[in-house]
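Each chain, letter by letter, is given below.
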Amino acid sequence: EHQFGHGKAEYLSAMVEGFLILAASAAIIATAVNRLISPQPLDQVGIGLAVSVLASVLNGVVAVILIRVGRQHRSMVLIADGKHLMTDVWTSAGVVVAVGAVALTGWEVLDPVIALAVGANILWTGWKLLRDSVSGLLDERLADDEIERVVQVLASHESEVVHFHALQSRAAGRQRFVSLHMLVPGDSRVRDAHDL
């Protein structure tokens with residue numbers, strides 16, 4: 001019953017991921033603000049660093065693969081999954097940098113300050129993901145390079161009597177949709193217009 005496919009479901013899924021990323025950034029920022037107001041010494045640093053580095057490397061590899069494959073296949077949901085994992089990488093990297101900075105300087109305030117920077121970065125990632133999802137749901141037109149390819153094909157079929165106009169486009173997941181008006185001479189046969 002969904003003749004144009006289920007491509008829009010990818011945008012809904014990516015939107016959920018975007019909200020999860022925003023929630024994670026809000027939690028990181030809230031915790032950082034709390035630690036700025038009442039600083040606390042870091043504890044169990046060795047174990048925490050080892051786990052963070054290992055998780056960061058594994059998540060980073062998987063995130064890069066998901067984003068790359070998502071772009072190849074124009075899958076918003078794979079890109080969203082990859083970006084979600086990448087926020088974990090940034091969080092882990094922030095932990096490692098913060099712990100190292102506190103260990104080197106003794107300034108405990110560096111931990112929440114770096115956490116605020118990581119939280120802001122993750123907030124930006126979530127916002128971009130939500131923006132892209134909403135654009136897809138609202139049928140944003142195709143990118144200029146894709147439109148240009150369509151226009152080139154149409155131009156190769158135009159003549160003194162055949163013209164194309166009112167080009168519209170949209171994407172739904174992996175699929176691309178284009179509609180247009182084709183003007184033909186009034187005396188041309190319907191079959192000829194159909195074949196063109």
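Residues numbered from 1 in each chain as written. Predicted model: local features only at pLDDT ≥ 70, side-chain atom pairs only at ≥ 80, totals over all residues. Heavy atoms only, no water.

S.K.: A description of the layout of surface pockets should follow, citing residues and the corresponding values.
M.R.: Roughly 500 Å³ of volume is contained in the largest pocket. Taken together, 20 residues make up the lining of the largest pocket; nearest its centre are Tyr-11, Met-76, Ile-79, Asp-132 and Arg-176. When contributions to the lining of the largest pocket are tallied by element, the ones reaching two or more residues are α3 (76-105) and α4 (110-137). Ranked by the residues each element gives to the lining of the largest pocket, the list is headed by α4, at four residues. (1 Å grid on protein atoms, 1.4 Å probe; cavity = no way out; pocket = protein on both sides within 12 Å on 5 of 7 lines; lining within 4 Å. Points joined across faces, edges and corners; volume = space filled by probe spheres on them. Helix = DSSP H or I, 4+ residues; strand = E, 2+ residues; numbered from the N terminus.)

S.K.: With reference to specific residues and values, describe helix α5 (residues 144-155).
M.R.: Taking 1.5 Å of rise per residue, 12 residues should cover 16 Å, and α5 covers 16 Å from first to last C-alpha, within 8% of that figure. Within α5, the full set of buried residues consists of Glu-146, Ile-147 and Leu-154. Buried residues of α5 fall within an arc of 100 degrees about the axis and therefore sit on the same side. Facing away from the buried side of α5 by more than 90 degrees, the exposed set consists of Asp-144 and Arg-149. Residues of α5 that are buried make contact with β1 (163-172) and β2 (175-183). (Expected span 1.5 Å × (residues − 1). Buried < 20%, exposed > 50% of the residue type's maximum accessible area, 1.4 Å probe, protein only. Arc of directions from axis to C-beta. Contact = heavy atoms within 4.5 Å.)

S.K.: Just give me the short version of the environment of Asp-88, but keep the residues and values in it.
M.R.: Here Asp-88 is to be found in helix α3. Look at Asp-88 and you get partly exposed, because its relative accessible area is 34%. A sequence separation of 36 residues divides Asp-88 from Ser-52, and the C-alpha atoms of the two residues are 9.5 Å apart.

S.K.: Go over the packing of helix α1 (residues 7-37) against α3 with me, naming the residues and quoting the values.
M.R.: Where α1 contacts α3, the two axes come as close as 8 Å, and the packing angle between them is 10 degrees. Judged on the interaxial angle alone, α3 and α1 are roughly parallel. Judged by the sense of rotation from one axis to the other, the crossing of α1 with α3 is left-handed. Here Glu-10, Tyr-11, Ser-13, Ala-14, Glu-17, Leu-20, Ile-21 and Ile-28 of α1 lie close against α3, whose contacting residues are Met-76, Val-77, Ala-80, Asp-81, Lys-83, His-84, Thr-87 and Thr-91. Of the residues contributing to the contact of α1 with α3, the split by class is eight nonpolar, four polar and four charged. (Axes fitted to C-alpha atoms, helices over the stretch in contact; angles between N-to-C directions. Parallel < 35°, antiparallel > 145°, perpendicular 65-115°, else oblique. Left-handed = near helix turned anticlockwise from the far one by under 90°. Nonpolar A, V, L, I, M, F, W, Y, C, P; charged D, E, K, R; others polar.)

S.K.: Report on the pattern of salt bridges, specifying residues and quantitative values.
M.R.: Scanning the entire structure with this criterion turns up eight salt bridges. As a salt-bridge pair, Asp-132 and Arg-131 come within 3.8 Å of each other at their nearest N and O atoms. A relative accessible area of 30% means that Asp-132 is categorised as partly exposed. Residue Arg-131 is classed as partly exposed on the basis of its relative accessible area of 38%. Close ionic contact of Arg-141 with Asp-144 constitutes a salt bridge, the shortest N to O distance being 2.3 Å. Take Arg-141: its relative accessible area is 48%, and that puts it in the partly exposed class. (Salt bridge = Lys/Arg side-chain N within 4 Å of Asp/Glu carboxyl O.)

S.K.: Report on the nonpolar core, specifying residues and quantitative values.
M.R.: Membership of the largest hydrophobic core comes to 15 residues, with the highest contact counts inside it found for Ala-14, Met-76, Ile-114, Ile-122 and Leu-129. Counting only elements with at least two residues in this core, the list comes to α1, α3 and α4. If we skip the residues at most four places from it in the chain, Ile-114 touches Gly-94, Val-97, Ala-98 and Ala-101. (Core = buried A, V, L, I, M, F, W, Y, C linked by side-chain atoms within 4.5 Å.)

S.K.: Can you break down the packing of α1 against α4 residue by residue, with the values?
M.R.: At a closest axis distance of 8 Å, the pairing of α1 and α4 adopts a crossing angle of 160 degrees. Comparing the axis directions of α1 and α4 gives the class roughly antiparallel. As α1 runs across α4, the sense of the crossing is left-handed. For the contact of α1 with α4, the residue count by class is 24 nonpolar, seven polar and five charged.

S.K.: Explain the pairing of β1 residue by residue, including any values.
M.R.: Where β1 lies against β2, eight bridges are found, and the strand directions are antiparallel. If you follow His-163 over to β2, its bridge partner there is Leu-183. Where β1 hands over to β2, the hairpin turn is made up of two residues, of which Gly-173 adopts a positive phi near 65 degrees. (Pairing = 2+ DSSP bridges.)

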